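Fold and contact review
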Amino acid sequence: MSSPQHIRGIDDLGKEGIIEILELSDHFLEVSSRRIPKVPVLRGKTLAWLFYEDSTRTRLSFEKAAKRLSADTMNFSVSSSSVKKGESLRDTVETISAMGVDAIVVRHKSVGVPWMLPKWTDAAIINAGDGAHEHPTQSLADCYTITQKLGDVSGKRIVIVGDIKHSRVARSNIKAFTMLGASVALVAPPTLLPPSMADWPVDVIGDFDTAIKEADVLYLLRMQHERQEEALVPSLREYTNQYGLTIERSRLLQKSSIIMHPGPMNRGVEVSGEVPEIQNAVITNQVENGVIVRMAVLYHLLGSGVTPTEIQNEDNND
Amino acid sequence: MIETVIKGGTVVDQTGNKEVDVGIGNDGNILSIGPDLTGNNIIDAAGCVVAPGLVDLNSHFRQPGDEETETVESGTRSAILGGYTAVVAMPGIDAAVDSAAAVREIQALRNEALCHVEIAGSLTAGCKGEELAPIGEMAGLGVRFFTDPLPRFPNDLLVRRVMEYASNFDVTIALPPISALTMAQAHMHEGAVSSHLGIPGVSIEEEELMTYRFLKMCQLTGTRMHLQQLSSPNAIELVAAAKSEGVPVTCEVSPHHFSLTDEAVETFQQRYKLLPPLRAKSHVESIKECIVKGNVDAIATCHSPNPPHAEDLPFEEAPFGGIGLETALAVSLTELDSNIEQILSLLSWMPADIAGIGDSHGGVLSIGRPGNIVVIDKSVIWKPVGSEMASKSNNTPFEGYPLKGKVRHTIVNGEVVVLNGEAQR
């Protein structure tokens, strides 16, 4: 397939694109396991981080991926920059663009920002999260992790639990999982579901105990403390009782199922404090695979000249 | 002596239509109506509709306060190009008209206007929804229309107080059934599109509830009310039912609410961030039916210019509003399954009566009345381009939208201010 110019949402990739990234990821998994896990495929390319929202995990993951590919990176620190002095998004993007960048990785609290950027720059745009809309690279990491652990995403029952309404991870994952042929069920308090879901390709299940028995993948979302103040849930205690992974509930899980979480997890909320250790959790795999798929994403958008099977360490490259 | 003759068109007004010329005298009033008139200045209206000028009940001109975005001059130039001979200038959310001094300041700006500007006063001090504005004092200066463009009423009691207090004056209370309190968190219509995008929305039921509450207060106090910017077909039905019980209420809708849907928000462009928001396709279709059935009293633009940088803002950070004066007539002609008489009644004589200026605008083209006239070519096909409009703003939600029908000439008090689609001043 022809490479997409941007990865702003799952629809920029489509099913073919997702599969291609997952296949590429196998090569980068191999690269990452080498003694020197660094290859020169993006040497001379420049990436800019434009994070308007706090992010440690996603930014570090991109940073690590870029370094393993030998790309140069620039961090536009929003909190200590001209943005604080009122510089507009447009001026910031045009400034970064003028310095010469090949890709901009952007996170913003407002939905749609990655779709606005191409008006002001020729750089490839990678969405690292826009409001409650999309977070495609998290989704790719999750698809890769499921493929690794369960062989395939297709045919799996994936139960997503929690604050779907405010979750960009849920929106991207529902698209990606169903594109790849999984069946998705959602479990959430009705106040934390999107208001209109008639055209969503999912089942909404009110009772967690019913849904958990079906799950090949139990995907827990982060529950934010603010939701209590917004009167969306009565208390976090009640949330944990109804929608958290308690000891009793964890016994209903199939032995082969895996438990996922995009992080950072609120211990004692999504998972009850009484659960000493989450059996079958693949949360650290998701983090590891985050770096791998982001390498694949960057290579997919910016790599040229080398086919993945020929990827060599610099010192072997003679 | 006839100064100007509008020649060869079909006159359409409140009394019907006839193929006659219209002659205007030196004093700006209509001097003669009939076949084969001659005069010093012949205006060609062959194949066109000649009608009383349009009247907009809901324009925002941003002056005083934000002259870089729009002024009375640029806003009224936009108005005349759209066929308007009178507009009601709304108080700003940040520029309340809540004192005699504020009214006089805008009255002074009328010198720069290219058409009649009727002033709407604020209902509450600073449009804050806390204390009453001096409605009586402003009514004494000729203000007949009072509104808070984005109401902040904390409860129904204040609405009741406002309406009770105003009942002693011959004024109309205009309100959109929107709450600033609700809209602080919402950016679009709540529905399938908002759910996919993850953008917080406001439900159409909110508008229906608020409409019902306003109607009850109107019934209770007997004060004349004009409901602005209805985007819910159910809300329009509620108004129609109240009217049939004798409640003194009228209502308006905006062209974008019977033409565009919330799917436009998928482009994340500010020009589609409107208040009330663009609704779902089914609502848009039903609104059209409500209009054709005669349950709507006026089409009003809610012309809301925004500064150029607004289009670069992320959708959730962008201000509400789009411009509408130069497209309202064409959108109505294009989208509504109504005859020209009904469209003109909604754009000219009914709003003129609601604004209380029916003696000089709207109504009929008859001898002795001021020459406030629009000449419309119904056959012209065109596409709006925001950057080419007279408004200082470019934020038209109809950018590139194919439209049928355009204003050829506009005459304000006998002066030809738009000739062949070009503003003359």
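Computed from a predicted structure; not experimentally measured.

1. Focus: the overall build of chain B
- Scanning chain B for helices and strands turns up 11 helices and 21 strands.
- The C-alpha atoms of chain B give 20 Å as radius of gyration, which agrees with the globular expectation for 425 residues (22 Å, within 12%).
- When the 425 residues of chain B are sorted by exposure, 62% land in the buried category.
- About 15,200 Å² of surface is accessible on chain B, with carbon and sulfur atoms providing 48% of the total.
- Computed over 29 positive and 54 negative side-chain charges, the inter-centroid distance for chain B is 2 Å.

2. Some thoughts on the confidence of the model for chain B
- With 100% of its residues at a pLDDT of 70 or more, chain B shows a mean pLDDT of 96.
- As scored by the predictor, the complex reaches a pTM of 0.94 and an ipTM of 0.94.

3. Regarding the interface of chain A and chain B
- Taken together, the contact between chain A and chain B spans 20 residues of the former and 17 residues of the latter.
- Three residues stand out in chain A for area buried against chain B, namely Val111(A), Met116(A) and Pro195(A), and they jointly supply 32% of the buried area on that side.
- Linking chain A to chain B there are 2 salt bridges.
- Two residues, Asp312(B) and Arg90(A), come together in a salt bridge whose shortest N-O distance is 3.0 Å.
- In this assembly, chain A and chain B are joined by 9 residue pairs in polar contact (both at pLDDT 80 or more).
- Taken together, the elements giving at least two residues each to the side of chain A that touches chain B come down to helix 3 (89-99) and helix 4 (113-116) of chain A.
- Broken down by element, the residue count for the side of chain A that touches chain B peaks at 3 residues, all from helix 4 of chain A.

4. Side note on the nonpolar core
- Residues Leu227(B), Val249(B) and Leu344(B) are the most contacted members of the largest nonpolar core, which totals 87 residues.
- Residue contributions to this core reach at least three from each of two domains, namely domain 1 (2-49 + 368-389 + 400-423) and domain 2 (53-355) of chain B.
- Apart from residues lying up to four places away in sequence, Val249(B) is in contact with Leu215(B), Cys218(B), Met225(B), Leu227(B), Val239(B), Ala242(B) and Lys243(B).
- In this structure, Leu13(A), Phe51(A), Cys143(A) and Ile292(A) belong to the second largest nonpolar core, which totals 65 residues.

5. Side note on the pairing of strand 6 (residues 183-187) of chain A
Residue and element names in this part refer to chain A.
- Of all the 5 residues making up strand 6, 4 are buried; the element is thus mostly covered by neighbouring parts of the structure.
- Sheet topology places strand 5 (residues 157-161) next to strand 6; 5 bridges connect them, and they run parallel. Following the sheet pairing, Val161 is matched in strand 6 by Val187.
- Handedness of the crossover is the feature at issue here: the chain leaves strand 5, passes through helix 6 (residues 168-179), returns alongside strand 6, and the resulting connection is right-handed.

6. Observations concerning the pattern of salt bridges
- Enumeration over the complete set of coordinates arrives at 29 salt bridges over all chains.
- The closest approach of N and O atoms between Arg34(A) and Glu30(A), which form a salt bridge, is 3.0 Å.
- Taking the shortest distance from any N to any O, the salt bridge between Arg408(B) and Asp44(B) comes out at 3.5 Å. You can see Arg408(B) sitting in strand 19 (residues 403-412) and its partner Asp44(B) sitting in strand 6 (residues 41-44), a full 364 residues away along the chain.
- A network of salt bridges, in which partner residues are shared, links Asp11(A), Glu134(A) and Lys175(A).

7. Concerning the sheet that holds strand 6 of chain B
Residue and element names in this part refer to chain B.
- Strand order in the open sheet formed by 4 strands is 5-4-1-6, and the pairing between neighbours is mixed. Only two strands of the sheet have a single neighbouring strand rather than two, namely strand 5 (30-34) and strand 6. In this sheet, neighbouring strand axes are inclined to one another by 20° on average, regardless of whether the strands run parallel or antiparallel.
- Note that strand 4 (residues 21-25) and strand 5 share 4 bridges and pair antiparallel. For Gly23, the partnering residue across the bridge sits in strand 5 and is Ser32.

8. Some thoughts on the side chain of Arg279(B)
Residues and elements named next belong to chain B.
- By the element assignment, Arg279 lies in the loop between strand 16 (249-253) and helix 9 (281-293).
- One polar contact links Arg279 to Ser231, side chain to side chain, over a distance of 2.8 Å.
- Once you skip the residues sitting within four places of it in the chain, Arg279 turns out to touch His189, Val202, Ser203, Ile204, Glu207, Ser231, Leu260, Thr261, Asp262 and Val284.

9. A few points about the side chain of Glu252(B)
Residues and elements named next belong to chain B.
- With respect to the element layout, Glu252 can be found in strand 16.
- One buried charge, Glu252, has no salt-bridge partner; the nearest side chain with opposite charge is Lys243, at 12 Å.
- With sequence-adjacent residues up to four places away left out, Glu252 is seen in contact with Leu57, Asn58, His226, Leu227, Gln228, Gln229, Leu230, Val296, Ala298 and Ala300.

10. Brief notes about the packing of aromatic side chains
- On inspection of all chains with the given rule, the structure shows 8 aromatic pairs over all chains.
- Arranged with centres 5.7 Å apart and planes meeting at 35°, the rings of Tyr239(A) and Tyr243(A) form a pair that is tilted. One end of the pair, Tyr239(A), and the other, Tyr243(A), are both in helix 9 (residues 236-243), 4 residues apart, so they sit about a helical turn from each other.
- Of the residues examined, Tyr243(A) reaches a relative accessible area of 15% and is grouped as buried.
- With a centroid separation of 6.5 Å and an interplanar angle of 85°, the aromatic rings of Phe153(B) and Phe214(B) are classed as edge-to-face. Here the residue Phe153(B) occupies a position in the loop between strand 11 (145-147) and helix 4 (156-166), and Phe214(B) occupies one in helix 7 (residues 204-221), the gap between them amounting to 61 residues. The exposure classification of Phe153(B) matches that of Phe214(B), with both residues buried.

11. A look at the pairing of strand 3 (residues 103-108) of chain A
Residues and elements named next belong to chain A.
- For strand 3, the tally of buried residues reaches 6 of 6 residues, placing the bulk of the element in the interior.
- Residues Ala103, Val105 and Arg107 of strand 3 are buried on one face, and the alternating residues Ile104, Val106 and His108, pointing to the opposite face, are buried as well.
- In terms of strand pairing, strand 1 (residues 46-51) meets strand 3 through 5 bridges, oriented parallel. The residue of strand 3 that forms the bridge with Trp49 is Val105.
- Relative to strand 4 (residues 124-130), strand 3 is paired through 5 bridges, and the arrangement is parallel. The partner of Ile104 across the bridge, within strand 4, is Ile125.

What counts and what doesn't
- Residues numbered from 1 in each chain as written.
- Chains lettered and ligands numbered in written order.
- Predicted model: local features only at pLDDT ≥ 70, side-chain atom pairs only at ≥ 80, totals over all residues.
- Heavy atoms only, no water.
- Helix = DSSP H or I, 4+ residues; strand = E, 2+ residues; numbered from the N terminus.
- Rg over C-alpha atoms; globule rule 2.2 N^0.38 Å.
- Buried < 20%, exposed > 50% of the residue type's maximum accessible area, 1.4 Å probe, protein only.
- Areas by Shrake-Rupley, 256 points an atom, 1.4 Å probe, with all protein chains shown as cover.
- Lys, Arg positive; Asp, Glu negative; His and termini not counted.
- Charge placed at Lys NZ, Arg CZ, Asp CG, Glu CD.
- pLDDT = per-residue confidence, 0-100.
- Contact = heavy atoms within 4.5 Å.
- Buried area = accessible area lost by both parts, 1.4 Å probe.
- Salt bridge = Lys/Arg side-chain N within 4 Å of Asp/Glu carboxyl O.
- Polar contact = N/O pair within 3.5 Å; in protein donor to acceptor, adjacent residues only side chain to side chain.
- Core = buried A, V, L, I, M, F, W, Y, C linked by side-chain atoms within 4.5 Å.
- Domains from an automatic or database assignment.
- Pairing = 2+ DSSP bridges.
- Right-handed = clockwise from strand over helix to strand, strands pointing away.
- Axes fitted to C-alpha atoms, helices over the stretch in contact; angles between N-to-C directions.
- Phe/Tyr/Trp six-rings, centres within 6.5 Å; stacked < 30°, edge-to-face > 60°.

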